[in-house]
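The chain contents come next:
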Amino acid sequence: MASKGLASRALGWARRSRPAPSFASLRASSSTRPPPSVVCSAVPRAASSSSPPSPPHRSFGASAPAPDESRTPQQSRLPPDFLPTLKALHPALEVATNPYALDAHGRGESHHPPAPPDAVIYPSSVEEIQDILGLCCRERTATGDGAGEGGGDAKDDAEETVVDVVSVIPYGAGTSLEGHLSFLDVPSSQTDGIYGSHEKVQVVRKGGISLDMRNFRDIGRCRRGTSMQFMVDPGADATIGGMTACGASGTAAVKYGTMRENVLGMTAVLPPTTALSGSDRDADSTRTAPVVVRAGCDALKSSAGYNLPALLTGSEGTLGVMTEVTVKLHPVPSHVIAASCAFDDLHSAAEAVATIRATGVPVSRIELLDEVSIEAFNRSLDGAPSMGGGDGDHDDELHLEPMEAKPTLFMEFDGHSATAAEEDLSAAKGILTECGGSNFLWASDESMRRALWSARHRLYYSSIALRGSGGGEDDEGATPQSTVLTDVCVPLIHFADVISATARDVRDMGVVGPCFGHAGESIAVCQCYLSRCTRNSDFTNFPIGDGNFHCIMPLKKNDPKEYRDKVFRVVDNLTDRAILVGGTCTGEHGIGYGKKKYLRRQYGDGAISMMEALKRSIDPWNIMNPGKIVDFAAV
């Protein structure tokens, strides 16, 4: 561990605390020593089975459609003795089977429809997780047609070994975007000659469970009394486990990097590699207890063995359940200044960002919104209450004014002293002025900083509101759960071409939706808005950012199929262009099941086969988040 008092240990999924601390009271150390680490809990998601699983039917309804009231615990797909056995082992373990809990744990924050589990379990210890996973892979012997629901070649009266498998998806805050939390319909499978003396093994999928990690300690408790802070900010109420599982980043990546640069190590419970037999079901049996592994260490660098933390970071819960994550802490800046600056055109604003980065002016956050994004923000202020989201949760406490509808840069500077932060601000202001910037505003007070950045913080919800209800009975407005939110990342040299082509697609197809980007490590950010509006925005020669940009395309329940098809055609074209120029189908959202087809296009059969081999070696029974990232037959 790092120095006592600058790091602490916590078990479980740590929720990222959203309200910013008082930068005046938490003074950063002036020491030049490297940042320490803190251990917090985390959790991923799960894997797949024989033939590709079937995704749930895509639908576009309200943000929280009513759960299936007809589904009761008696209709659960779980083995009948699964929950009773688990409760016998751990009487205090909390389990939920009500339809509201099930529905909430089978959805994310995007258009992918919910596919709920059969039970939600709230573990609070590593031992409980080991026992839960052990029960998710159990052997039984069946005769003839009683072998299982999966069918097979067993002749009547011939004994056949059946392995009942229960799918597992760890759950943090439910903010994933590519269907990571959907319990897919994974078909059963049959294998030959792989299990001792048995000639055949029938693998039968018996429903799924969600592991809600809310009982694990909050990272906010880890940093109390210290001058250090975890700096990766995805802009959502995410958990450390979920952020690690999806390889998240955010607006602060320009200075502090992404989760991949901030994760030093982790502890994970791996899925069982051996099916639990009937004789091994007693509480004192440890023969098939899932293995607990420690990957990485608390040191800031290591070259020991395979880079297991990197393997588990971005694994989306398909390889195991993370119970601890060691992350870097950084000094809390003593002084923070926020600023904004408007430009007459996007090209000038982009040149300003590129010049700031090229001259080495330290900046902790920098983002660019075009004039239509600003108009969306202004529209969100027209008598509408705050919709929350990110730091916007406290917008109702601020006095927000409409902004000039021009491309606008949003920046943040910090330092160990007011003089240091102001010097950086002054240097950036000089560059902005030379590039044609105007209406330069800045603030050091925390509430004023939040007000200054409110257009960026409210971008997601204000963009969705662009396709709000038209007032008719059948005209339900777009919601987060009906919105297509996708991302790609391309080499910087191709960024202008890809985003320009995407702009043409959006305009030509008549699709409404913004496209915005995040900063990468030591690289600036750009944002632009793509819509059907006939505007002469200059998307060419856009030489900034890390090449990671997102498209938000809100959908309404009553949108015709033709319009929906156009939205997904934009996604297809955008992703294909990114892959064609050597980019990636996702920069930070992950694959889930929503982008599996693009993953194969990006890497080809060879790399996919390698991923399948890794998955099969770690999770041979395909228990963890089946159907995500790759597909394969269990064992």
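Residues numbered from 1 in each chain as written. Predicted model: local features only at pLDDT ≥ 70, side-chain atom pairs only at ≥ 80, totals over all residues. Heavy atoms only, no water.

1. Topic: the overall build of the protein
No. 1: A count of helices and strands for the protein gives 17 helices and 20 strands.
No. 2: In the protein, buried positions account for 58% of the 635 residues.
No. 3: Long-range pairs, those at least 24 residues apart, make up 81% of the contacts in the protein with a sequence separation of at least 6.
No. 4: If you sum the accessible surface of the protein, you get close to 25100 Å²; carbon and sulfur atoms cover 50% of it. (Helix = DSSP H or I, 4+ residues; strand = E, 2+ residues; numbered from the N terminus. Buried < 20%, exposed > 50% of the residue type's maximum accessible area, 1.4 Å probe, protein only. Contact = heavy atoms within 4.5 Å. Areas by Shrake-Rupley, 256 points an atom, 1.4 Å probe, with all protein chains shown as cover.)

2. A closer look at the nonpolar core
Nonpolar side chains in soluble globular proteins generally cluster together in the buried interior.
No. 1: Within the largest apolar cluster, 30 residues are counted, with the highest numbers of intra-cluster contacts made by Phe 82, Ile 209 and Trp 621.
No. 2: Elements with a contribution of two residues or more to this core: helix H1 (82-89), strand S3 (119-122), helix H3 (126-135), strand S5 (159-171) and strand S7 (198-212).
No. 3: The leading source of residues in this core is H3, at five residues.
No. 4: Residues Val 498, Val 511, Leu 599 and Ile 608 belong to the second largest nonpolar core, which totals 28 residues. (Core = buried A, V, L, I, M, F, W, Y, C linked by side-chain atoms within 4.5 Å.)

3. Quick notes on the packing of H1 against H3
No. 1: For the pair H1 and H3, interaxial distance at closest approach is 11 Å and the crossing angle is 155 degrees. As far as their axial angle goes, H3 and H1 are roughly antiparallel. In this structure, H1 meets H3 at a crossing whose hand is right-handed. Where H1 abuts H3, its residues Phe 82, Thr 85, Leu 86 and Leu 89 lie against Asp 131, Ile 132 and Leu 135.
No. 2: Looking at the contact of H1 with H3 residue by residue, the class counts come to five nonpolar, one polar and one charged. (Axes fitted to C-alpha atoms, helices over the stretch in contact; angles between N-to-C directions. Parallel < 35°, antiparallel > 145°, perpendicular 65-115°, else oblique. Left-handed = near helix turned anticlockwise from the far one by under 90°. Nonpolar A, V, L, I, M, F, W, Y, C, P; charged D, E, K, R; others polar.)

4. Here we look at the sheet that holds strand S16 (residues 438-443)
No. 1: The sheet built from four strands is open, its strands ordered S14-S15-S13-S16 with antiparallel pairing. Sheet topology places strand S14 (365-369) and S16 at the edges, where each strand pairs with a single neighbour. Strand-to-strand twist across the sheet, computed as the mean angle between neighbouring axes with direction ignored, equals 15 degrees.
No. 2: Across four bridges, the pairing between strand S13 (residues 335-342) and S16 is antiparallel. (Pairing = 2+ DSSP bridges.)

5. Some remarks on helix H11 (residues 418-434)
Helical geometry note: an α-helix holds 3.6 residues per turn, so side chains three or four residues apart project in the same direction.
No. 1: Here H11 spans 24 Å end to end across 17 residues, near enough to the 24 Å set by a 1.5 Å rise per residue.
No. 2: Here H11 has its buried residues at Ala 420, Ala 421, Asp 424, Leu 425, Ala 428, Ile 431 and Leu 432. Each buried residue of H11 sits inside an arc of 130 degrees when the element is viewed along its axis, so together they form one side. In H11, those exposed residues whose orientation departs by more than 90 degrees from the buried face are Glu 423, Thr 433 and Glu 434.
No. 3: Within two residues after H11, Gly 436 carries a phi angle of roughly 95 degrees, on the positive side. (Expected span 1.5 Å × (residues − 1). Arc of directions from axis to C-beta.)

6. So, the pattern of salt bridges
No. 1: The final tally for this structure, using the stated rule, is 23 salt bridges.
No. 2: The partner of Asp 414 in a salt bridge is Lys 255, and the shortest N-O contact between them spans 2.5 Å. Taken together, the residues span a long stretch of sequence, with Asp 414 in strand S15 (residues 408-415) and Lys 255 in helix H6 (residues 253-256) at a distance of 159 residues.
No. 3: Judged by its relative accessible area of 12%, Asp 414 falls in the buried class. (Salt bridge = Lys/Arg side-chain N within 4 Å of Asp/Glu carboxyl O.)

7. Overview of the packing of aromatic side chains
No. 1: In total, this model carries two aromatic pairs according to the counting rule given.
No. 2: Aromatic side chains Tyr 460 and Tyr 461 sit 5.1 Å apart centroid to centroid with 70 degrees between the ring planes, which places their arrangement in the edge-to-face category.
No. 3: Using a relative accessible area of 17% as the deciding quantity, one classes Tyr 460 as buried. (Phe/Tyr/Trp six-rings, centres within 6.5 Å; stacked < 30°, edge-to-face > 60°.)

8. Describing the pairing of strand S17 (residues 483-489)
No. 1: A large share of S17 lies buried, amounting to seven of its seven residues.
No. 2: Both S17 and strand S20 (residues 548-554) contribute to a ladder of seven bridges, which runs antiparallel. Along S20, the bridge assignment pairs Val 488 with Phe 549.

9. Focus: helix H16 (residues 561-580)
No. 1: The end-to-end C-alpha distance of H16, which contains 20 residues, comes to 28 Å, matching closely the 28 Å that a straight helix rising 1.5 Å per residue would cover.
No. 2: What H16 keeps buried is the set Tyr 563, Val 567, Phe 568, Val 570, Val 571, Leu 574, Thr 575, Ala 578 and Ile 579. Down the axis of H16, the smallest arc covering the buried residues is 160 degrees, so these residues share one side. Facing away from the buried surface of H16 by more than 90 degrees, the exposed residues are Lys 561, Glu 562 and Leu 580.
No. 3: Looking at the residues trailing H16, positive phi occurs at Gly 582, about 90 degrees.

10. Things to note about the environment of Cys 136
No. 1: Relative to the helices and strands, Cys 136 is located in the loop between H3 and strand S4 (137-143).
No. 2: Cys 136 sits in the buried class, given a relative accessible area of 0%.
No. 3: The sequence separation of Cys 136 and Val 168 amounts to 32 residues, and the corresponding C-alpha distance is 8.0 Å.
No. 4: When residues no more than four places from it in sequence are discounted, the contact partners of Cys 136 are Phe 82, Asp 164, Val 165, Val 166, Val 168, Ile 209 and Ile 623.

11. Considering unusual backbone geometry
No. 1: A positive phi angle, close to 55 degrees, is found at Asn 622, a residue other than glycine.
No. 2: Within the fold, Asn 622 resides in the segment after helix H17 (596-618).
No. 3: By relative accessible area, which is 0% here, Asn 622 ends up buried.
No. 4: Unlike most non-glycine residues, Asn 625 shows phi in positive territory, near 40 degrees.
No. 5: Tracing the sequence through the fold places Asn 625 in the segment after H17.

12. Some points on a nonpolar patch on the surface
No. 1: A contiguous nonpolar patch, built from Tyr 306, Leu 308, Leu 311, Met 610 and Leu 614 and spanning about 530 Å² of accessible area, is present on the exposed surface.
No. 2: Broken down by secondary-structure element, the contributors of at least two residues to the nonpolar patch are helix H8 (308-312) and H17.
No. 3: For Leu 614, the position within the fold is in helix H17. (Patch = residues over 30% accessible without salt bridge, like charges linked within 9 Å, V, L, I, M, F, W, Y side chains within 5 Å.)

13. Focus: the state of the cysteines
No. 1: By the definition in use, this model includes zero disulfides.
No. 2: Unpaired in terms of disulfides, Cys 341 finds its nearest cysteine sulfur in Cys 435, a separation of 9.3 Å.
No. 3: Here Cys 341 falls in the buried class, since its relative accessible area comes to 1%. (Disulfide = S-S within 2.5 Å.)

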